[in-house]
Amino acid sequence: MRPTQAPAPRTESRGAAPEPRRRPAPPQWTAWAFLAPVTLYLGLFYAYPLYRNLDLSLRDYTVRSFVQGDAPFTGLANYRKIFDDPTFAPALLHTAVFTAVCLVFQYAIGLALAVFFHQNFRLSATLRALFLVPWLLPLIVSASTWSWILNSESGIVNTLLGALGVGPVNWLTSPSWSLASVIIANIWIGVPFNLVVLHSGLQSIPAGLYEAAALDGANAWQRFWRITFPLLRPVSAITLLLGLVYTLKVFDIIWIMTKGGPADSSTTFATWSYRLGFGNLLPAFGPGAAVGNLLVVAALVFGLIYLKVQRKQALS
């Protein structure tokens with residue numbers, strides 16, 4: 001006779017609470033519903049304009065073909081045309097000088113003002129708010145104001161120079177001074193942005209570091225160079241990147257003040273692209289779009305460099 005197998009002991013007691021039911025995972029369409037507005041916005045206002053601009057640069061568009069949409073495909077002919085244009089080299093040089101000088105002075109002045117206002121003295125917040133006025137003004141107002149200030153005959157700058165015994169300077173009509181004039185105006189407009197961003201970065205630096213450095217005998221310059229500047233590098237990097245992208249595409253200031261002249265002395269890629277596409281009776285849409293794409297590529301390259309540097313710093 002085979003022995004009977006004893007029943008397995010029950011692991012649960014009668015009074016044990018039942019396991020809580022797991023909530024069903026949210027359906028996939030919910031995630032897509034949240035992503036849809038952003039995806040639609042990026043597609044309509046970023047991807048499609050970039051595609052259309054690339055298509056313009058690869059075809060021979062005229063006014064008729066632009067309306068009817070039957071422009072012939074020309075490949076890289078428009079890019080070869082702008083590279084062979086005598087305006088290309090001066091415009092490239094002016095774009096590089098304009099961008100580099102504006103970035104250096106906007107960052108340096110903005111950082112100095114941020115450190116100054118970080119002391120939180122009386123009227124600090126009021127004065128800091130007043131420095132935002134150039135940034136808040138419409139660009140057409142700022143450019144028109146600087147055109148009046150630097151006017152050769154009735155400008156306030158030449159009036160002050162005359163009071164000091166210095167002859168008038170043709171700020172906007174001289175090939176030697178036109179680029180410097182638009183650089184000065186753009187620096188004045190961009191300093192408040194650097195001030196705001198860098199001042200917010202200074203707020204995140206612990207005050208105890210400065211107190212410890214002061215106890216060790218560090219002076220103000222040593223505290224700035226050993227504490228403030230290194231800890232401000234991430235904020236400085238994004239500030240310079242945003243300033244670079246903005247400065248590359250500056251058009252309003254230059255066009256209102258000098259229109260890229262005289263004799264192309266203040267022409268940059270932004271103003272050259274506009275002049276090719278819309279500034280002539282026979283617009284050259286293809287070459288104008290090609291010049292604009294060069295600005296897009298330049299901004300993209302510097303953006304990739306920034307991401308690579310940030311990734312390397314994060315790994316180290």
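Rules behind the numbers
Residues numbered from 1 in each chain as written. Predicted model: local features only at pLDDT ≥ 70, side-chain atom pairs only at ≥ 80, totals over all residues. Heavy atoms only, no water. Helix = DSSP H or I, 4+ residues; strand = E, 2+ residues; numbered from the N terminus. Expected span 1.5 Å × (residues − 1). Buried < 20%, exposed > 50% of the residue type's maximum accessible area, 1.4 Å probe, protein only. Arc of directions from axis to C-beta. 1 Å grid on protein atoms, 1.4 Å probe; cavity = no way out; pocket = protein on both sides within 12 Å on 5 of 7 lines; lining within 4 Å. Points joined across faces, edges and corners; volume = space filled by probe spheres on them. Salt bridge = Lys/Arg side-chain N within 4 Å of Asp/Glu carboxyl O. Phe/Tyr/Trp six-rings, centres within 6.5 Å; stacked < 30°, edge-to-face > 60°.

A. Just helix 11 (residues 220–231), in detail. For helix 11, which comprises 12 residues, the first-to-last C-alpha distance of 16 Å matches the rise-based estimate of 16 Å (1.5 Å per residue) to within 8%. Three or more residues of helix 11 are buried, namely F224, I227 and T228. Taken end-on, helix 11 shows its buried residues confined to a sector of 120°, consistent with a single buried face. What points out from helix 11, more than 90 degrees from its buried face, is the exposed set W221 and R226.

B. Looking closely at the layout of surface pockets. Estimated volume of the largest pocket: approximately 910 Å³. N53, K249, G292, L295 and V296 are the residues nearest the centre of the largest pocket, which is lined by 28 residues in total. Of all the elements in the fold, those that place two or more residues in the lining of the largest pocket are helix 1 (28–57), helix 12 (233–248), helix 14 (269–278) and helix 15 (285–315). Among the elements that line the lining of the largest pocket, the one with the most residues is helix 15, at 9 residues.

C. Up close: the pattern of salt bridges. In the structure shown here, the tally under the stated rule is 3 salt bridges. A salt bridge links D55 to R59; the nearest nitrogen and oxygen atoms lie 2.8 Å apart. The class for R59 is partly exposed, based on a relative accessible area of 26%. Between D264 and R275 there is a salt bridge whose closest N-O contact spans 2.9 Å. Remark: R275 occurs in helix 14 and D264 occurs in the loop between helix 13 (252–257) and helix 14; sequence separation between them is 11 residues. Where salt bridges share partners, they join R52, D55 and R59 into one cluster.

D. Representation of the packing of aromatic side chains within the structure. Applying the stated criterion across every chain yields a total of 20 aromatic pairs. With a centroid separation of 5.3 Å and 70° between ring planes, the pair formed by F116 and F117 is classed as edge-to-face. The class for F116 is partly exposed, based on a relative accessible area of 40%. For F117, a relative accessible area of 1% corresponds to the buried category. Judged by centre distance (5.6 Å) and plane angle (70°), the ring pair of F117 and F131 falls under edge-to-face. Of this pair, F117 sits in helix 4 (residues 88–117) while F131 is found in the loop between helix 5 (124–130) and helix 6 (133–136), placing the two residues 14 residues apart along the sequence. The structure contains a cluster of three or more aromatic residues connected by ring pairs, namely F251, W255, Y274, F278 and F285.

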